[in-house]
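Spelled out, the chains give:
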Amino acid sequence: MKARHLLAAAAAVEFAHLAPAAVRLPALRRTVARRTAGSGAAPGHVALTFDDGPDPRSTPFVRDALDEHGARATLFLLGAMLERAPALGRELVTRGHEVAVHGWHHRQQWYPAPARDLRELRRATGAVTDLCGARPLWYRPPYGVLTAGPALAARRLGLRSVLWTAWGRDWTAEATGASVFATARPGLTGGATLLLHDSDCTSAPGSWRATLAALPLIAAHCRAHGLTLGPLRDHAVGPN
Ligand SMILES: [Zn+2]
């Protein structure tokens, strides 16, 4: 457990220091950056996205909460997690959710190795396709750091890279339903892409409970403001 705590803490620290990569792109590439960030063209639509699952300890709670609020989402799956819970991955699809690719392991590669990037992403994409029974359209890199190797590999595999425009900072040990909602709220506008997590495998242990507690607040807010929560496929994000 100690190693796990250390890992989670390291991931949280790392994540905390990294803004979405699109923010750092030059102005000339602003349109591409906007698309990569997840800005959609569908008015009144907020893309609801979850990373790091499927996790048998937490994803079923999130899945049931989404059913309760009539919301559909895009779940960025890790191949290593999906391999251990294939039935859960498939069930997400049968319940109307969209599955996408977050990589095989949750790690940021610090040195370029295009062949390795393509191999790992191909393996993860194949697992999502075969085990969930749906071909993924989207790729989101771990920690939101999109480097050239994985970006090119994603394109080669027919995946669009997408980050997010809003988050709830739901990966921290201090997160609560109220804090996740308060953090996400200013970004909940038409065309937004909201990042949440349905697993704590790279976050503070149990942090998914804060995510779960935030979902009714987020759903009620969106309903009151005429916003529809849905998957990225309904978001009309342009090509990148
Ligand atoms: Zn992640």
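Structure's up top.
Residues numbered from 1 in each chain as written. Predicted model: local features only at pLDDT ≥ 70, side-chain atom pairs only at ≥ 80, totals over all residues. Heavy atoms only, no water.

Visitor: What should I look at first to understand the overall build of the protein in this one?
Guide: Helix and strand counts for the protein stand at nine helices and eight strands. Residues counted as buried form 54% of the 240 residues belonging to the protein. Considering only contacts in the protein between residues 6 or more positions apart, those separated by 24 or more positions represent 79%. (Helix = DSSP H or I, 4+ residues; strand = E, 2+ residues; numbered from the N terminus. Buried < 20%, exposed > 50% of the residue type's maximum accessible area, 1.4 Å probe, protein only. Contact = heavy atoms within 4.5 Å.)

Visitor: What am I meant to see in the coordination of the zinc ion here?
Guide: Ideal values differ by geometry: the angle at a metal is 109.5 degrees with four tetrahedral donors, but 90 or 180 degrees with six octahedral donors. Binding of the zinc ion to the protein goes through Asp52 (OD), His102 (NE2) and His106 (NE2), at separations of 2.0 to 2.2 Å. Each donor residue of the zinc ion belongs to the same chain, with the gaps between them written as D-x49-H-x3-H. With a gap of 50 residues between them, Asp52 in the loop between strand S1 (45–51) and helix H3 (59–68) and His102 in strand S3 (residues 98–103) connect regions that are remote in the sequence. (Donors = N, O, S within 2.8 Å, 3.2 Å for Na, K, Ca; no water.)

Visitor: What is the right way to read unusual backbone geometry from this model?
Guide: Trans is the common state for peptide bonds, and a negative phi is the common state for residues other than glycine. Of note, the amide linkage connecting Gly53 to Pro54 takes the cis form, showing an omega dihedral of 0°. Tracing the chain through its elements places Pro54 in the loop between S1 and H3. One non-glycine residue, Asp52, lies in positive phi territory at about 85°. One non-glycine residue with positive phi stands out, namely Tyr143, at about 65°.

Visitor: I would appreciate a short explanation of empty space enclosed by the protein in the present structure.
Guide: Where empty space is left in the structure can be found by rolling a water-sized probe over the atoms. Here the structure, examined in full by the defined rule, presents one cavity of 30 Å³ or more. The space that makes up the largest cavity amounts to roughly 190 Å³. Lining the largest cavity we find 16 residues, and of these Arg107, Gln109, Tyr139, Pro142 and Pro150 sit closest to its centre. The class makeup of the residues in the lining of the largest cavity is seven nonpolar, six polar and three charged. (1 Å grid on protein atoms, 1.4 Å probe; cavity = no way out; pocket = protein on both sides within 12 Å on 5 of 7 lines; lining within 4 Å. Points joined across faces, edges and corners; volume = space filled by probe spheres on them. Nonpolar A, V, L, I, M, F, W, Y, C, P; charged D, E, K, R; others polar.)

Visitor: Would you mind going over the pairing of S1 with me for this structure?
Guide: Sheet faces and side chains relate simply in a regular strand, where the side chains alternate between the two faces. Burial within S1 is extensive, with seven of its seven residues counted as buried. What you see with S1 is no split at all: His45, Ala47, Thr49 and Asp51 on one side and Val46, Leu48 and Phe50 on the other are buried throughout. Pairing of S1 with strand S8 (residues 228–230), which is carried by three bridges, proceeds in the parallel orientation. Across the sheet, residue Ala47 finds its bridge partner in S8, namely Gly230. The pairing of S1 with strand S7 (residues 193–197) spans five bridges and is parallel. Bridging across to S7, Phe50 finds its partner in Leu196. In this sheet, strand S2 (residues 74–78) lies alongside S1 in parallel orientation, the contact comprising three bridges. Paired with Thr49 across the two strands is Thr74, which belongs to S2. For the segment spanning S1, H3 and S2, crossover handedness is right-handed. (Pairing = 2+ DSSP bridges. Right-handed = clockwise from strand over helix to strand, strands pointing away.)

Visitor: Is there a simple way to think about the environment of Met81 in this case?
Guide: Along the polypeptide, Met81 turns up in helix H4 (residues 79–84). Separated by 24 residues in the primary sequence, Met81 and His105 place their C-alpha atoms 8.4 Å from one another. When residues no more than four places from it in sequence are discounted, the contact partners of Met81 are Asp52, Gly53, Pro54, Asp55, Ser199 and Cys201.

Visitor: Would you mind showing me how to read the environment of Ser161 here?
Guide: Checked against the element boundaries, Ser161 lands in strand S5 (residues 160–161). Its relative accessible area of 6% is what places Ser161 among the buried residues. As a C-alpha pair, Ser161 and Gly144 span 17 residues in sequence and 9.9 Å in three-dimensional space.

Visitor: Just to check I follow, could you spell out the side chain of Asp117 for this structure?
Guide: Counting through the fold element by element, Asp117 comes out in helix H6 (residues 114–132). When neighbours within four sequence positions are excluded, Asp117 is seen to be in contact with Gln109, Gly149, Pro150 and Ala153.

Visitor: What's the story with the pattern of salt bridges in this structure? I'm lost.
Guide: Opposite charge on two side chains makes pairing possible when the charged atoms of those side chains draw close. Applying the stated criterion across every chain, the model contains 12 salt bridges. The residue Arg95 makes a salt bridge to Asp67 at a minimum N-O spacing of 2.4 Å. With Arg95 in the loop between helix H5 (86–94) and S3 and Asp67 in helix H3, the pair connects residues that are 28 residues apart, well separated along the chain. Ionic contacts of the salt-bridge type, sharing partners, join the residues Arg63, Asp64, Asp67, Arg72, Glu91 and Arg95 into one network. (Salt bridge = Lys/Arg side-chain N within 4 Å of Asp/Glu carboxyl O.)

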